[in-house]
Amino acid sequence: MNRALPDVTLRVPTDEDAFAWHRVFADPEVMEFHGGRAAELSVYEELTARQRRHDAELGFCLWTMVGPAGEVLGFTGAQPWQREWGPTGEIEIGWRLGRAHWGKGYATAAALTTLVRLRAAGVSHVVAMVRADNERSIAVTRRLGMELAERFPHPDLEQPAHCYRLAL
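For every chain, the first residue of the written sequence is number 1, and numbering continues from 1 along that sequence. Per-residue local features of the predicted model are confined to residues with pLDDT of at least 70, and side-chain atom pairs are confined, for both listing and counting, to 80 or more; whole-chain, interface and lining totals are unaffected and use all residues. The side-chain figures draw on all heavy atoms in the structure; neither hydrogens nor water molecules are used.

So, the overall build of the protein
Thinking step 1. Secondary structure elements are defined from DSSP: runs of H or I of at least 4 residues count as helices, runs of E of at least 2 residues count as strands, and each element is numbered from the N terminus. Counting secondary structure elements, the protein contains four helices and seven strands.
Thinking step 2. Secondary structure elements of the protein, listed N to C terminal, follow the sequence β-α-α-β-β-β-α-β-α-β-β.
Thinking step 3. Relative to a compact globule of 168 residues, whose C-alpha radius of gyration would be 15 Å, the protein shows 15 Å and is just as compact.
Thinking step 4. Along the first, second and third principal axes, the C-alpha set of the protein runs to 40 × 40 × 30 Å.
Thinking step 5. Only protein chains enter the area calculation, which uses a 1.4 Å probe; residues under 20% of their type maximum are buried, those over 50% are exposed, and those in between are partly exposed. The buried share among the 168 residues of the protein stands at 46%.
Thinking step 6. The contact rule is simple, with two residues in contact once any of their heavy atoms fall within 4.5 Å. Relative to all contacts within the protein whose residues are 6 or more apart in sequence, the contacts with residues 24 or more apart total 62%. Every radius of gyration here is taken over C-alpha atoms, with the globule rule written as 2.2 Å times N^0.38, N being the number of residues.

Have a look at this one:
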């Protein structure tokens, strides 16, 4: 069954969004594939500041995802993969939603908007690094038309990280 995707707005993260991200992501279920526990507020303060720089310098970033009632749902967008392992230097698309917003199409809707913005910024292809057991994110990659291209050994996990790719 195909359903209409919800309306979602993407904005460059503000200083206040660090607090919203900290609150929305302070759920063990949300953080299951991101270390298992919430990060300190200072991590989100640095992350939102870095995203503002990315937007100014690259024309894209991890944007704050805002729902129809003005509530912060999470983030989606893209940034350069900067880890020592995996697709170093490539542009990774990603998303993270608060638990209350799962299963409603927000991640897919926001990621599709992200792809449009990345094309406009001249990005030729994107990757998505997803843990092999993260079924929800794998489903989003499929909805975007991404295909599993590589598996990278993960430095902290016993299972490899899956790299999905999409030409824009």
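Once you've had a look at it, read on.
Quick word on the nonpolar core
Thinking step 1. Met65, Ile93, Val126, Leu144 and Met146 are the most contacted members of the largest nonpolar core, which totals 30 residues.
Thinking step 2. Among the secondary structure elements, those contributing two or more residues to this core are strand E2 (62-66), strand E3 (72-80), strand E4 (91-97), helix H3 (106-120), strand E5 (125-131), helix H4 (135-143) and strand E7 (161-167).
Thinking step 3. Here this core takes seven residues from H3, the largest share from any one element.
Thinking step 4. Val24, Leu47, Val72 and Phe75 belong to the second-largest nonpolar core, a separate cluster that totals 10 residues. Buried Ala, Val, Leu, Ile, Met, Phe, Trp, Tyr and Cys residues form a nonpolar core when they are joined through side-chain atoms within 4.5 Å.

Looking at the confidence of the model for the protein
Thinking step 1. Confidence in the prediction for the protein averages 89 pLDDT; 92% of positions are at 70 or higher.
Thinking step 2. Averaged pLDDT values for the elements of the protein fall to 91 in helix H1 (residues 15-24) and rise to 97 in E2. Confidence of the prediction at every residue is given by pLDDT, a number between 0 and 100.

As for the packing of aromatic side chains
Thinking step 1. Stacked, tilted and edge-to-face are the three classes applied to pairs of Phe, Tyr and Trp rings, where Trp contributes its six-membered ring and a pair requires centres within 6.5 Å; stacked means planes under 30 degrees apart, edge-to-face means over 60, and tilted covers the rest. The tally for this structure, following the rule as stated, stands at five aromatic pairs.
Thinking step 2. Ring geometry for Trp81 and Trp85: centres 5.3 Å apart, planes at 85 degrees, overall edge-to-face. Considered together, Trp81 and Trp85 belong to a single accessibility category, that of buried residues.
Thinking step 3. Members of the aromatic cluster, connected to one another through ring pairs, are Trp21, Phe25, Tyr44 and Phe75.
Thinking step 4. A ring is scored as having a charge over it whenever the NZ atom of a lysine or the CZ atom of an arginine sits within 6 Å of its centre and within 35 degrees of its normal. A cation sits over an aromatic face here: Arg83 above Trp81, 4.5 Å from the ring centre.
Thinking step 5. Taking the ring centre of Trp63 as reference, the NZ or CZ of Arg117 above it sits at 4.6 Å.

What to know about the environment of Ala121
Thinking step 1. One can find Ala121 in the loop between H3 and E5.
Thinking step 2. When the C-alpha atoms of Ala121 and Pro155 are compared, they prove to be 32 Å apart, with 34 residues separating the residues in sequence.
Thinking step 3. With near-sequence residues (within four places) excluded, Ala121 lies in contact with Leu58, Gly59 and Phe60.

Digging into the environment of Ile91
Thinking step 1. Take Ile91: it is sitting in strand E4.
Thinking step 2. Among the residues examined, Ile91 registers a relative accessible area of 16% and is labelled buried.
Thinking step 3. Distance in space between the C-alpha atoms of Ile91 and Ala149 is 15 Å, their sequence separation being 58 residues.
Thinking step 4. Other than its neighbours up to four places away in sequence, Ile91 contacts Phe60, Ala78, Gln79, Pro80, Val123, His125, Val126 and Val127.

With respect to helix H2 (residues 41-58)
Thinking step 1. A helix is expected to span 1.5 Å multiplied by its residue count minus one. With 18 residues, H2 extends 25 Å between its outermost C-alpha atoms, agreeing within 8% with the 26 Å of an ideal straight helix rising 1.5 Å per residue.
Thinking step 2. Packing partners of the buried residues in H2 comprise H1, E2, E3 and E4.
Thinking step 3. Of the residues flanking the end of H2, it is Gly59, one or two places downstream, whose phi is positive at about 85 degrees.

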